Structures are given as structure tokens and as C-alpha cells.
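Fold and geometry: a report
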Amino acid sequence: MKRIQERLNALESQGLYRKLNVFSGAHGTKMILEGREVLLFCTNDYLGLAADQRLKTAAIKAINDYGFGTGSSRLISGTLDLHEKLESKIAGFKKKEAAILFNSGYDTNCGTISTLVGKGDTIFCDRLNHASILDGARLSGAALKRFSHRDTVSLEKLLKKSSNASTRLVITDGVFSMDGDVAPLPELSRLAKKYDAFLMVDDAHATGVIGKEGRGTPEYFGLEGEVDIHMGTLSKAVGSIGGFVACSSEVKKFLINRSRNFIYTTSLPPAAIAASLEGVSIIEESPFLREKLLKNATFLRSCLCDAGFDTMTSELHIIPVLLGSDSVALKANQLLLQKGVFVPAIRHPTVPKGGARLRISLCAGHEKEDVEKVLKAVIETGKELGVI
Ligand SMILES: *Cc1c(COP(=O)(O)O)cnc(C)c1O
């Protein structure tokens with residue numbers, strides 16, 4: 001145990017020690033942190049649905065009708081009519097034949113990737129793909145090839161060399177979680193076809209946010225039907241909890257039979273399923289929420305660039321402010337907190353060494369004055385730290 005304390009001390013001295021911030025109150029743009037109200041620019045609740053009255057009412061009704069727990073896994077007695085209803089709703093929303101739920105987005109990636117490919121197969125991963133994709137890939141036993149971020153030339157080189165793989169699977173985040181940029185889906189899809197590979201897109205940050213009807217990256221590029229495995233989470237824009245893949249019914253049946261993350265765990269509670277059903281309906285009916293979110297993001301990003309910050313290749317509602325050093329990023333987070341604004345410092349290993357940053361994420365609940373407040377606070381902080 002002495003070794004553990006030494007490792008903790010090392011993290012602390014490198015500016016890499018992480019601790020939990022404990023908030024109180026309903027999730028929203030303003031919450032109470034250590035007795036003080038702070039303005040949040042960190043949530044993935046992009047459309048502000050997590051504490052929406054309609055989701056709460058749906059969840060309460062489900063608790064009254066079904067109780068809280070489900071008592072068993074999906075293959076025993078844990079599949080309620082509600083689970084099936086949500087799976088068909090997601091399949092319809094994503095314009096795929098079928099959809100299958102997992103208990104989280106993390107589980108979805110681990111449980112899908114590790115089941116669909118294995119020894120003798122090859123996975124091609126963007127270097128900045130989410131940790132859950134990497135974990136699923138490692139678990140699968142397939143060979144893992146990582147291509148440079150959004151670099152389809154680097155991908156093609158790897159695909160060319162993979163002629164003896166029995167199955168090839170190309171996986172990318174649709175919108176990258178720490179950079180806020182978009183995968184080059186048209187070219188990825190062309191290469192997947194050319195090299196007879198399956199294409200999987202993780203749309204955790206795009207579902208409900210991009211595409212005219214909020215269906216995510218394939219809709220954004222007009223490529224619906226080109227993505228074999230369309231993964232998403234219900235815990236971000238949908239405002240609830242759980243993950244899913246939209247896929248063919250064959251893939252769904254195979255995952256039901258083989259995915260350990262699906263089989264060996266108790267199913268999601270009815271309250272969560274009912275809230276997700278409501279969240280997806282709101283996304284379908286409320287284009288103005290994503291329009292407001294993206295408009296605020298464009299405004300904030302251009303002001304930050306004008307002020308001299310490096311917002312990297314961000315295009316959407318996630319805006320990195322590159323600072324480089326882990327300790328400067330942490331200091332920036334603390335200075336912002338003193339000004340009543342919470343923006344997380346993202347450090348190694350979530351981002352590469354030297355890539356520490358503030359990660360500003362916007363949500364539809366932010367008003368113009370909130371955006372102006374974070375802008376002013378980040379500029380003041382940048383000056384105090386001598387980075388602009
Ligand atoms: C958040 C996230 C996940 C995991 O989703 P959870 O529902 O939070 O477990 C998976 N992939 C990406 C890209 C994410 O950002």
C-alpha cells in the first residue's frame with residue numbers, strides 16, 4: 001500500500017492528481033459547488049434535458065407503473081415492453097433496421113467491439129477515439145491499428161497492409177469528445193467500402209446535436225445507411241442514461257447471444273427507459289434547441305480566437321482552449337472557479353501529453369449573458385496566466 005501512496009504523490013507533483021467535485025441541486029447550467037453557485041460550462045447534457053420536467057414526469061410514471069428495479073438481466077426477466085419500445089424508437093430515429101440497448105455508452109463500446117471482432121481480425125481506430133473504444137478493442141483480441149487523428153491517408157496505408165485480416169472494422173468518434181471536431185465520414189466510408197471493412201461510428205456527442213433532425217454524423221454528411229454500426233449514448237443530449245447501437249437485426253441478434261456486457265448485467269430500470277423515450281421524442285420535435293446551442297458555440301469560439309486563444313480544430317459545441325501544460329490548465333480551472341465559472345481542465349492521460357486544455361462545452365440552456373460571462377472570465381484568466 002506504500003507504493004500506492006507514492007504513486008498518488010507523484011500524480012500530485014505532476015499536476016495530474018484528480019479529485020471529485022461535489023455538486024448539489026438539479027443538473028443545469030447553474031449548480032451549487034461547495035456552498036457557492038457556479039455557472040457550468042462542462043456538461044454533456046447538451047440540450048438541457050437532464051432535469052427537464054417532461055423527463056421527470058415520464059420517469060415518475062414509469063416508477064408508479066413498473067416499480068424501480070428490474071430484478072434481472074435482459075435474457076431472464078429483465079426485458080420489459082418499455083425496453084423493446086425504446087429499441088424500436090432508436091432504430092427508427094437512426095434509420096436502421098434494429099437497435100440494442102446497453103447500460104451505458106462505455107458498456108456499449110466494450111460489449112459491441114469485443115463481440116463483433118476477435119483474433120485474426122483487425123480494428124482501425126482514430127488515435128483520439130474515446131477510451132471505451134480502445135478498451136473494447138483490447139478486450140476483443142483483434143489486432144489494433146491506430147491511424148493519425150482524422151487522417152484518411154494514414155488509414156489507407158494501414159488498410160492496404162491488412163490483407164490477411166479476416167474481418168476489418170474501422171471505428172471513429174463522430175464528434176471527438178475533447179477536440180470538438182468532426183470525423184471525415186465521407187472518406188472513411190469510401191475507404192471502408194474499398195477495403196471491405198465494416199464502419200462503426202460512436203456518436204456520443206453528435207446524437208441530438210448535429211444533422212438537420214439531430215440524428216448525428218451520418219445525417220450531417222448525408223451518409224445515412226453507410227454506417228454499419230451506429231453507436232450512441234442516452235446520457236448526453238438525450239438527458240438520461242444508457243447506450244445503444246443501431247445496426248442490422250443480425251448484428252443485434254448476435255450481440256444478444258454473445259455480448260458479455262449485454263448478458264451478464266441487470267437491465268436498465270424503467271424510469272431510465274421512460275426518460276430516454278421522452279428525451280428522444282423531444283430531440284425529434286425541437287430543432288431550435290440544437291440551433292441555439294450551435295449558434296452560441298460559434299459565437300463563443302470566434303470571440304476566443306479573436307482574443308488570441310487556440311481552439312484547435314473545434315467546429316461544434318465542444319470548444320477546447322489549448323494551454324499545453326497540465327499545471328497551467330489546472331490553475332486556469334481554479335482561477336475560473338474563483339470567478340464563479342466551472343470549466344474542467346483536461347489533462348493527460350485523457351489528452352496527449354502537452355495537450356492539456358480547458359474544455360468548454362455549451363448547452364442549450366445557456367443564455368447570451370452566460371456565454372458573455374464565460375468569455376470574460378476565460379480572457380481574464382488567460383491574461384493572469386500570461387497565455388494571451
Ligand atoms: C461519453 C462517451 C462514451 C460513454 O458514454 P456513457 O454513456 O457516458 O458511458 C462513449 N464514447 C464517447 C465518444 C463518449 O464521449
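Residues numbered from 1 in each chain as written. Predicted model: local features only at pLDDT ≥ 70, side-chain atom pairs only at ≥ 80, totals over all residues. Heavy atoms only, no water.

Attention now moves to the side chain of D181. With respect to the secondary-structure elements, D181 resides in the loop between β7 (168-173) and α7 (185-194). Side-chain polar atoms of D181 contact the side chain of H149, separated by 2.8 Å. With residues near it in sequence (within four places) discarded, D181 still touches H149, R150, G174, V175, F176, T313, S314 and E315. (Helix = DSSP H or I, 4+ residues; strand = E, 2+ residues; numbered from the N terminus. Polar contact = N/O pair within 3.5 Å; in protein donor to acceptor, adjacent residues only side chain to side chain. Contact = heavy atoms within 4.5 Å.)

On to the nonpolar core. Counting 60 residues, the largest nonpolar core has F41, L234, L300, L304, V343, I360 and L362 as its most contacted members. Among the elements that make up this core, the one with the highest residue count is helix α11 (residues 270-285) (seven residues). Sequence-distant contacts of L304, defined by excluding residues within four places in its chain, comprise F309, T311, I319, V321, I360, L375 and V378. Ranked by size, the runner-up nonpolar core spans 20 residues in total, among them F102, C125, I133 and I229. (Core = buried A, V, L, I, M, F, W, Y, C linked by side-chain atoms within 4.5 Å. Buried < 20%, exposed > 50% of the residue type's maximum accessible area, 1.4 Å probe, protein only.)

This paragraph deals with the site of the ligand. Of all residues adjacent to the ligand, which total 14 residues, the nearest are G105, D202, H205, T233 and K236. Considering the ligand on its own, with 380 Å² of exposed area, one finds that the protein chains cover 85% of that surface. When the residues that make up the shell around the ligand are grouped by side-chain class, the tally is two nonpolar, nine polar and three charged. (Near = heavy atom within 4 Å. Areas by Shrake-Rupley, 256 points an atom, 1.4 Å probe, with all protein chains shown as cover. Nonpolar A, V, L, I, M, F, W, Y, C, P; charged D, E, K, R; others polar.)

Moving on: a nonpolar patch on the surface. Taken together, the side chains of M1, I4, L8, L11 and Y17 present a nonpolar region at the surface, about 500 Å² in accessible area. Within the element layout of this structure, L8 appears in helix α1 (residues 2-13). On the basis of relative accessible area, L8 is assigned to the partly exposed category, the value being 31%. (Patch = residues over 30% accessible without salt bridge, like charges linked within 9 Å, V, L, I, M, F, W, Y side chains within 5 Å. Salt bridge = Lys/Arg side-chain N within 4 Å of Asp/Glu carboxyl O.)

Ordered by their spatial adjacency, four strands build an open sheet running β1-β2-β3-β12, and the pairing between neighbours is mixed. At either end of the open sheet lies a strand with only one pairing partner, and these are β1 (23-24) and β12 (341-342). (Pairing = 2+ DSSP bridges.)

Attention now goes to α11. Between the first and last C-alpha of α11 there are 23 Å, a value that for 16 residues agrees with the 22 Å anticipated at 1.5 Å per step. Burial of α11 is extensive: 13 of the 16 residues sit out of reach of the surface. (Expected span 1.5 Å × (residues − 1).)

Right, let's get into the state of the cysteines. Tallied over the full model, the rule gives zero disulfides. Take C125: it sits in no disulfide, and the sulfur closest to it among the cysteines is that of C110, at 12 Å. Free cysteine: C247, not disulfide-bonded; nearest cysteine sulfur from C110 at 17 Å. Residue C247 is classed as buried on the basis of its relative accessible area, which comes to 0%. (Disulfide = S-S within 2.5 Å.)

Two side chains with opposite charge may pair up if their charged atoms get near one another. Applying the stated rule across the entire model yields 21 salt bridges. Here E219 ties to R215 by a salt bridge, and the two come within 3.7 Å at their closest N and O atoms. Neither E219 nor R215 differs from the other in exposure class; each is buried. Connected through shared salt-bridge partners, E213, R215, E219 and E224 make up one network.

Spatial ordering of the open sheet is given by β11-β14-β13, a layout of three strands whose pairing is antiparallel. With partners counted over all chains shown, the strands left at the sheet margins are β11 (318-324) and β13 (345-346), one partner each. In this structure, β13 lies alongside strand β14 (residues 356-361), joined through two bridges in antiparallel fashion. Residue pairing for β14: I346 is matched across the bridge by R357. Seen against the sheet, helix α12 (residues 287-306) touches β11 and β14 and runs at an angle of roughly 20° to β11. (Axes fitted to C-alpha atoms, helices over the stretch in contact; angles between N-to-C directions.)

By themselves these figures say nothing about function.
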